[in-house]
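Below are the chains, spelled out letter by letter.
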Amino acid sequence: MGASARLLRAVIMGAPGSGKGTVSSRITKHFALKHLSSGDLLRDNMLRGTEIGVLAKTFIDQGKLIPDGVMTRLALHELKNLTQYSWLLDGFPRTLPQAEALDGAYQIDTVINLNVPFEVIKQRLTARWIHPASGRVYNIEFNPPKAVGIDDLTGEPLIQRDDDKPETVVKRLKAYEVQTQPVLEYYRATRMRAYVLWPGRKSGAMRGG
Ligand code: AMP
């Protein structure tokens, strides 16, 4: 994208496990946007054992949100590397203070909300098992391993990510609802361009802005 082209600043919202990652990657491929996922950013810091990563792990393992100050600094720092690109933010902002901090730094054009029933998400997330060494993901319902609890290729045991365990999932969904509702209201009033409803529910598009 040339320097004079208008840059798009977009946010995608949706509970953990709503399919944000999948939908985001389709949008970013199709429209050539940079994709910044706060969850991926945190997991990358955890893998590299950075100070933020060590701190983030203690919150993520308990199904809690990372404190706003830490999360906002991390996200805004990352966005500084993307100033000449259009981007789609996935997972950030999750709270009103984060949304306000983002508004202080950039003009957000578009907000997409994925509205998926919590029961559907819970079923989906707790069905996910991974092979930690390769990152291979299985789903008990849609993509089960050949033998229960065993990786197809290596024969090694599969594990459930701490934040995919049922008790953690329920905490994450509750935290999402409590923390994110004000953000949705905040955006809905001004910038929510599309309101995507899940198949099986009555659907419709809401245009605003
Ligand atoms: P995700 O992959 O988006 O589900 O993120 C995984 C976990 O990272 C979440 O359950 C939170 O603990 C943490 N996290 C991700 N994004 C944020 C954010 N914007 N604010 C606070 N915590 C976050």
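This is a predicted model, so every value here is computed, not measured.

Undergrad: How should helix H5 (residues 96-105) be read in this particular structure?
TA: Three or more residues of H5 are buried, namely Gln98, Ala99 and Leu102. Down the axis of H5, the buried side of the element spans an arc of 100°, and every buried residue falls inside it. Check the buried side of H5 and you find it contacts strand E1 (9-14), helix H4 (68-80), strand E3 (87-90) and helix H7 (166-188).

Undergrad: Would you mind going over the site of the ligand with me for this structure?
TA: As a structural note, the neighbourhood of the ligand is formed by 15 residues, with Ser38, Lys64, Ile66, Gly91 and Gln98 the closest of them. At 3.0 Å from an oxygen atom of the ligand is found a side-chain nitrogen or oxygen belonging to Arg43. The contact in question runs from an oxygen atom of the ligand to an N or O atom on the backbone of Lys64, over 2.6 Å. The protein chains hide 95% of the 480 Å² of surface that the ligand would expose on its own. With four residues, helix H2 (residues 38-48) is the largest single contributor of residues to the shell around the ligand. Counted by class, the shell around the ligand contains seven nonpolar, four polar and four charged residues.

Undergrad: What am I meant to see in the confidence of the model for the protein chain here?
TA: Close reading of the predicted structure is inappropriate where its pLDDT is low. Residues of the protein chain with pLDDT of at least 70 account for 89%, and the chain-wide mean is 86. Mean pLDDT values for the elements of the protein chain range from 53 in strand E7 (residues 192-197) up to 97 in H4. Per-residue pLDDT stays below 50 along residues 197-209; that stretch engages in 25 contacts with residues further than four places along the chain or on separate chains.

Undergrad: Would you explain the packing of H5 against H7 in this entry?
TA: Two quantities define a packed helix pair, namely the angle between the axes and the distance from one axis to the other. Put simply, H5 and H7 touch, their axes get as near as 8 Å, and they point 40° apart. Between H5 and H7, the angle falls in the class oblique. Residues Leu96, Ala99, Glu100, Leu102 and Asp103 of H5 form the contact with H7, whose participating residues are Gln179, Pro182, Val183, Tyr186 and Tyr187. Here the residues of the contact of H5 with H7 are counted per class, giving seven nonpolar, one polar and two charged.

Undergrad: Whenever I open this one, the side chain of Gln98 confuses me. Can you help?
TA: In this structure, Gln98 sits in helix H5. A relative accessible area of 2% places Gln98 in the buried class. Apart from residues lying up to four places away in sequence, Gln98 is in contact with Ile66, Asp68, Met71, Thr72, Phe92 and Pro93.

Undergrad: Help me out: how do you make sense of the pattern of salt bridges in this one?
TA: Per the stated rule, a full pass over the model turns up 11 salt bridges. Note that Asp90 is salt-bridged to Lys20, the shortest N-O span being 3.6 Å. Taken together, the residues Asp90 in strand E3 and Lys20 in helix H1 (residues 20-31) connect sequence positions 70 residues apart. On the basis of relative accessible area, Asp90 is assigned to the buried category, the value being 5%. Ionic pairing is found between Arg48 and Asp44, a salt bridge with its closest N-O pair at 3.1 Å.

Undergrad: Which parts of the structure should I look at to understand the environment of Val148?
TA: Position of Val148 among the secondary structure elements: in the loop between strand E6 (136-139) and H7. Here the alpha-carbon distance between Val148 and Leu158, two residues 10 residues apart in the chain, equals 8.8 Å.

Undergrad: Explanation requested: the pairing of strand E4 (residues 110-115) in the structure shown.
TA: In the case of a regular strand, side chains alternate between the two sheet surfaces. For E4, the tally of buried residues reaches six of six residues, placing the bulk of the element in the interior. Neither face of E4 is open: one carries Thr110, Ile112 and Leu114, the other Val111, Asn113 and Asn115, and all of them are buried. Taken together, the five bridges between E1 and E4 define a ladder with parallel strand orientation. Bridging from a neighbouring strand, Ile12 pairs with Ile112 of E4.

Undergrad: Honestly, the nonpolar core in this entry has me stumped. Any pointers?
TA: Burial of nonpolar side chains together is a common tendency in soluble globular proteins. Residues Val11, Met13, Leu79, Trp87, Leu89, Leu102 and Tyr187 are the most contacted members of the largest nonpolar core, which totals 32 residues. Elements represented by at least two residues in this core include exactly E1, H2, helix H3 (51-60), H4, E3, H5, helix H6 (118-126) and H7. Non-local contacts of Leu102, meaning those with residues more than four positions away in its chain, are made with Val11, Leu76, Leu79, Trp87, Leu89, Phe92, Pro93, Ile108 and Tyr187. Formed by seven residues, the second largest nonpolar core is a distinct cluster that contains Ala10, Ile12, Ile27 and Ile112.

Undergrad: Is there a simple way to explain the UniProt feature "binding site: AMP" (unreviewed entry) in the protein chain in this structure?
TA: The UniProt feature table records "binding site: AMP" (unreviewed entry) at Ser38, Arg43, Lys64, Leu65, Ile66, Gly91, Phe92, Pro93, Arg94, Gln98, Arg161 and Arg172. Each residue touching Gly91, except ones within four places of it in the same chain, is listed here: Ile12, Lys20 and Ser38. Mapped onto the secondary structure, Pro93 falls in the loop between E3 and H5. Setting aside its immediate chain neighbours within four residues, Pro93 contacts Val11, Met13, Gln98, Ala99, Leu102, Val183 and Tyr187.

Reading the values: rules and limits
- Residues numbered from 1 in each chain as written.
- Predicted model: local features only at pLDDT ≥ 70, side-chain atom pairs only at ≥ 80, totals over all residues.
- Heavy atoms only, no water.
- Buried < 20%, exposed > 50% of the residue type's maximum accessible area, 1.4 Å probe, protein only.
- Helix = DSSP H or I, 4+ residues; strand = E, 2+ residues; numbered from the N terminus.
- Arc of directions from axis to C-beta.
- Contact = heavy atoms within 4.5 Å.
- Near = heavy atom within 4 Å.
- Polar contact = N/O pair within 3.5 Å; in protein donor to acceptor, adjacent residues only side chain to side chain.
- Areas by Shrake-Rupley, 256 points an atom, 1.4 Å probe, with all protein chains shown as cover.
- Nonpolar A, V, L, I, M, F, W, Y, C, P; charged D, E, K, R; others polar.
- pLDDT = per-residue confidence, 0-100.
- Axes fitted to C-alpha atoms, helices over the stretch in contact; angles between N-to-C directions.
- Parallel < 35°, antiparallel > 145°, perpendicular 65-115°, else oblique.
- Salt bridge = Lys/Arg side-chain N within 4 Å of Asp/Glu carboxyl O.
- Pairing = 2+ DSSP bridges.
- Core = buried A, V, L, I, M, F, W, Y, C linked by side-chain atoms within 4.5 Å.
- UniProt positions renumbered as here; feature names shortened; annotations may be inferred.

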